[in-house]
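What the coordinates show
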Amino acid sequence: MGSLSLLLSPLSRLYGLITDARNVLFDRSLKAVYHPTQFVIGVGNLTVGGTGKTPMVEYLLHYLLPFGPVATLSRGYGRQTTGFRLAQPTDTAQTLGDEPLQLYRKFGRQATICVGERRAEALDLLRRQQPELVTILLDDAFQHRAVAPQLNLLLMDYNRPFYQDHPFPGGRLRERRHGASRADAVVVTKCPDTLAQPEIRQLTGQILRYSHPNVPIFFTGLAYSLPIPYQPQAIQPLLRQVVLVSGIARADELETYVAQTFGLQHHHRFGDHHAYTRADVDTLLTQAAGNPILTTEKDRVKLDALLTNAERVHFYYLPVALRFLAHEAGFRALIHTKRRAWMNA
């Protein structure tokens, strides 16, 4: 723990006690919990930002869509609207949030994408408006105790394990480590391809100190695809010496990949969920000096709206997907076991 964290440790302990008290109220049914009629999978974390929730939600969408209608529900972080909202073709990052808009552009023809800060109310609205919905994915919902999902997935960034962190403000935890005991499964994300069995056993042992003793633990990494041009008709060159633009929580792994794969001229790092302006675009184009500009998918949905057709030919985005290092079949079997239990309840 660094000197600043030590200085803030009394406040971290106080924050942890407050979140503990809140969890006790839910555990003892002293605060109302909504039990949805749909099969609901919660995806969340103990740490603020950057654990790979969106790639996990996309993985689940790809996998579950063949089994029936699916929806995603998040609060729509960063949007300028409030209340329940179904994604529509006219939506922007300002009306929907950047990550829900990213999902809508990829899955809007197959799945229902919606936002609502009051998840219980939103689920009840979906029940009445779309009774055919079979499965709903709750994004960033591990601390949203007002809803009880049938399957609660806890994500942990390999590079930032929760068992080495502390609650706010001395650390990055949203609650104390033993909150992991609510997880039905733990998914370690952003693992290196070279992750070996001795380290897997060590990570598993550390997680099990705080989770349920029989919780299944899965290890996943990120798989990047070829860059895609913003302008669909643009001729895609072999990218070299790109200018990287990112507005995500943790961009170190992305920067390393881009530097090794394409060559990195410069990396413009913005804050997570950054609201881009026209001034930002002008700066990016000027400093790129004609070199290709590579962004994340999340940044693309915001930048694209600010560009002219002539400017789009300089921009590319880098798709990324979650992949299991092993035991993917076991993860899918867990989903089906929980789903069968819900169907038979």
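Residues numbered from 1 in each chain as written. Predicted model: local features only at pLDDT ≥ 70, side-chain atom pairs only at ≥ 80, totals over all residues. Heavy atoms only, no water.

Okay, the overall build of the protein next. Scanning the protein for helices and strands turns up eleven helices and 14 strands. What you see for the protein is a C-alpha radius of gyration of 21 Å, in line with the 20 Å of a compact globule of 345 residues. Expressed along its principal axes, the backbone C-alpha trace of the protein runs to roughly 60 × 50 × 40 Å. Burial status across the protein gives 51% buried among its 345 residues. Contacts spanning at least 24 positions in sequence make up 75% of the contacts within the protein whose residues lie at least 6 apart. Once the 38 positive and 29 negative side-chain charges of the protein are each reduced to a mean point, those two points are 5 Å apart. (Helix = DSSP H or I, 4+ residues; strand = E, 2+ residues; numbered from the N terminus. Rg over C-alpha atoms; globule rule 2.2 N^0.38 Å. Buried < 20%, exposed > 50% of the residue type's maximum accessible area, 1.4 Å probe, protein only. Contact = heavy atoms within 4.5 Å. Lys, Arg positive; Asp, Glu negative; His and termini not counted. Charge placed at Lys NZ, Arg CZ, Asp CG, Glu CD.)

Below, the discussion takes up a nonpolar patch on the surface. Taken together, the side chains of Leu11, Leu14 and Ile18 define a hydrophobic patch exposed on the protein surface, amounting to about 290 Å² of accessible area. Looking at the secondary structure, you find isoleucine 18 in helix H1 (residues 3-27). For isoleucine 18, a relative accessible area of 51% translates into the label exposed. (Patch = residues over 30% accessible without salt bridge, like charges linked within 9 Å, V, L, I, M, F, W, Y side chains within 5 Å. Areas by Shrake-Rupley, 256 points an atom, 1.4 Å probe, with all protein chains shown as cover. Salt bridge = Lys/Arg side-chain N within 4 Å of Asp/Glu carboxyl O.)

If you walk through the whole model with that rule in mind, you get 15 aromatic pairs. Ring plane angle 85° and centroid distance 5.7 Å describe the contact between tyrosine 15 and phenylalanine 168, whose orientation is recorded as edge-to-face. Taken together, the residues tyrosine 15 in helix H1 and phenylalanine 168 in the loop between strand E6 (151-157) and strand E7 (185-189) connect sequence positions 153 residues apart. An angle of 55° between the planes, with centres 6.2 Å apart, marks the rings of tyrosine 230 and tyrosine 317 as tilted. In this pair, tyrosine 230 sits in the loop between strand E9 (228-229) and strand E10 (242-246) while tyrosine 317 sits in strand E13 (residues 315-318), placing the two residues 87 residues apart along the sequence. (Phe/Tyr/Trp six-rings, centres within 6.5 Å; stacked < 30°, edge-to-face > 60°.)

Below, the discussion takes up the pattern of salt bridges. Per the stated rule, a full pass over the model turns up 23 salt bridges. Each of the salt bridges in this network shares a partner with another, and the network as a whole consists of Glu58, Lys106 and Glu297.

Let us now look at the environment of alanine 289. Within the secondary structure, alanine 289 is located in the loop between helix H8 (278-288) and strand E12 (293-296). Exposure remark for alanine 289: the relative accessible area of 63% places this residue in the exposed category. A C-alpha to C-alpha distance of 43 Å links alanine 289 and histidine 166, two positions 123 residues apart in sequence.

Attention now moves to the pairing of strand E4 (residues 112-115). On E4, burial covers both faces: Thr112 and Cys114 on one face and Ile113 and Val115 on the other are all buried. Bridging between strand E2 (residues 70-74) and E4 involves four bridges; their strand directions are parallel. Within E4, the residue paired with leucine 73 across the bridge is cysteine 114. (Pairing = 2+ DSSP bridges.)

Moving on, we get to the sheet that holds E10. Overall, mixed pairing links the five strands, which are arranged E9-E13-E12-E10-E11 in an open sheet. The sheet is open, and its two edges are formed by E9 and strand E11 (264-269), each paired on a single side. As judged from the five bridges shared by E10 and E11, these two strands associate in the parallel manner. Along E11, the bridge assignment pairs valine 243 with histidine 266. Sitting on the sheet, helix H7 (residues 252-261) touches E10, E11, E12 and E13, and the angle it makes with E11 is about 160°. Sitting on the sheet, H8 touches E10, E11, E12 and E13, and the angle it makes with E11 is about 165°. (Axes fitted to C-alpha atoms, helices over the stretch in contact; angles between N-to-C directions.)

A word on the nonpolar core. Of all hydrophobic cores here, the largest spans 35 residues; its most connected members are Ile41, Met56, Leu60, Leu153, Phe331 and Ile335. Examining the composition of this core, we find that seven residues originate from one element, helix H2 (residues 53-64), more than from any other. The next biggest cluster of nonpolar side chains, apart from the first, holds 21 residues, and it includes Phe142, Tyr163, Val186 and Leu195. (Core = buried A, V, L, I, M, F, W, Y, C linked by side-chain atoms within 4.5 Å.)

These figures capture arrangement, not role.
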